[in-house]
Amino acid sequence: MVGGRPPQFVRRVHNRPALRRRSNLVVFGQLMLVVSGLALGGAIAYVSHDYVTRHHTFQLQRVVVDSVPSELRQPILERMASAENASLLTIDLETLQRRIEEIPQVERAHLRRQLPGTVEVQVELREPWAIIRARDGHFLVSADGLVLTVDNRPHDALLDLRLDAELGPALDASRRLPRTLPVAAAFDDAVRIASWLQGVRPQTFGPVEYYRLCSEGVIVVPRNAPWELLIGDAEDLDHKAANLEALLTNAPPDPGSLVDLRYRDMVVVRSGPDAAAAGAQE
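Bear in mind that the values here come from a model prediction, so they are computed numbers and not experimental data.

Caption draft 1: Region of interest: the environment of Ala86. Position of Ala86 among the secondary structure elements: in the loop between helix H2 (70-80) and helix H3 (93-100). Overall, Ala86 belongs to the partly exposed group, its relative accessible area being 26%. C-alpha of Ala86 to C-alpha of Phe58: the two residues are 28 residues apart in sequence and 8.2 Å apart in space. Excluding residues within four positions of it along the chain, Ala86 makes contact with Phe58, Gln59 and Leu60.

Caption draft 2: Representation of the packing of aromatic side chains. One pass over the full model with this rule turns up 1 aromatic pair. With a centroid separation of 5.7 Å and an interplanar angle of 85 degrees, the aromatic rings of Trp129 and Phe187 are classed as edge-to-face. Remark: Phe187 occurs in helix H4 (residues 187-199) and Trp129 occurs in the loop between strand E3 (118-125) and strand E4 (130-134); sequence separation between them is 58 residues. Judged by its relative accessible area of 0%, Phe187 is buried.

Caption draft 3: Here's a closer look at the side chain of Arg270. Mapped onto the fold, Arg270 is located in strand E12 (residues 268-270). A polar atom in the side chain of Arg270 sits 3.1 Å from the side chain of Asp260.

Caption draft 4: Seen up close, the sheet that holds strand E9 (residues 217-222). Spatially, the 9 strands line up as an open sheet ordered E6-E5-E4-E7-E8-E9-E10-E11-E12, and their pairing is mixed. Each having just a single partner strand, strand E6 (147-150) and E12 make up the two edges of the open sheet. Averaged over all adjacent pairs, the angle separating strand axes in this sheet is 25 degrees, with direction ignored. The pairing of strand E5 (residues 137-141) with E6 spans 3 bridges and is classified as antiparallel. Across the sheet, residue Leu140 finds its bridge partner in E6, namely Thr149. Strand contacts of H4: E4, E5, strand E7 (159-163), strand E8 (208-214), E9 and strand E10 (228-232), with the helix running at about 155 degrees to E8, the strand carrying the most contacts. Sitting on the sheet, helix H6 (residues 237-250) touches E10, strand E11 (258-260) and E12, and the angle it makes with E10 is about 155 degrees.

Definitions and limits used
- Residues numbered from 1 in each chain as written.
- Predicted model: local features only at pLDDT ≥ 70, side-chain atom pairs only at ≥ 80, totals over all residues.
- Heavy atoms only, no water.
- Helix = DSSP H or I, 4+ residues; strand = E, 2+ residues; numbered from the N terminus.
- Buried < 20%, exposed > 50% of the residue type's maximum accessible area, 1.4 Å probe, protein only.
- Contact = heavy atoms within 4.5 Å.
- Phe/Tyr/Trp six-rings, centres within 6.5 Å; stacked < 30°, edge-to-face > 60°.
- Polar contact = N/O pair within 3.5 Å; in protein donor to acceptor, adjacent residues only side chain to side chain.
- Pairing = 2+ DSSP bridges.
- Axes fitted to C-alpha atoms, helices over the stretch in contact; angles between N-to-C directions.

These figures come from the coordinates and say nothing about function on their own.
This is how it looks when you write it as structure tokens:
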């Protein structure tokens, strides 16, 4: 329009470059604020990390093992010694936990930070399943075949396993029953047979006085019967029990006999010197 105001849409077009410039300045200003904030936060984090890792206030000064059995305290402290004076905020607790769990009696370890300079250790113990009476002493052993400790005290609540060999010299750092001993190879079968006898066939075999591990497998020595039962391995146990029931019904063995149940189609009864020799084999 000549001599008058331009139309509204013309004014908007003329003002658009200025609006864009102001918008760019606002965006640039916001970006600079973000960058400055990140830089400041990074500097603070670096300084804080450097302080807490170097300042003695947060160094490991004490390991608390009050809830741990007395015989395990020293082995635990020895495995924690490498972390002495390390920063409590950056210390690798998982590595220390694995070291403590290498102790045979420890099934699981729990480590907890207590600022400013303490780590508390709690453990879950591996339960002994049986006592192995070997030539060189009595050994407590877990159900997974880990030798926990030497203990010659009576343990009436534990299964009694007899081993006609020296066990201690054959143990390595893992403390597991050495498979190099032929008699120790029968341990896994003894675990399965004992569980089966307690839960499935207690009436056939009666209470067990002890188990003998030999090169032929597992021998069960009943408490109330004058013979021994060579079970062998832990395979086909129900059939072995049925064969024993048939034998006891039709032809009970003589006292002092060794009843060999390892065969599916027959039962072999050894008596006299043959039975003693078979029972004493390693």
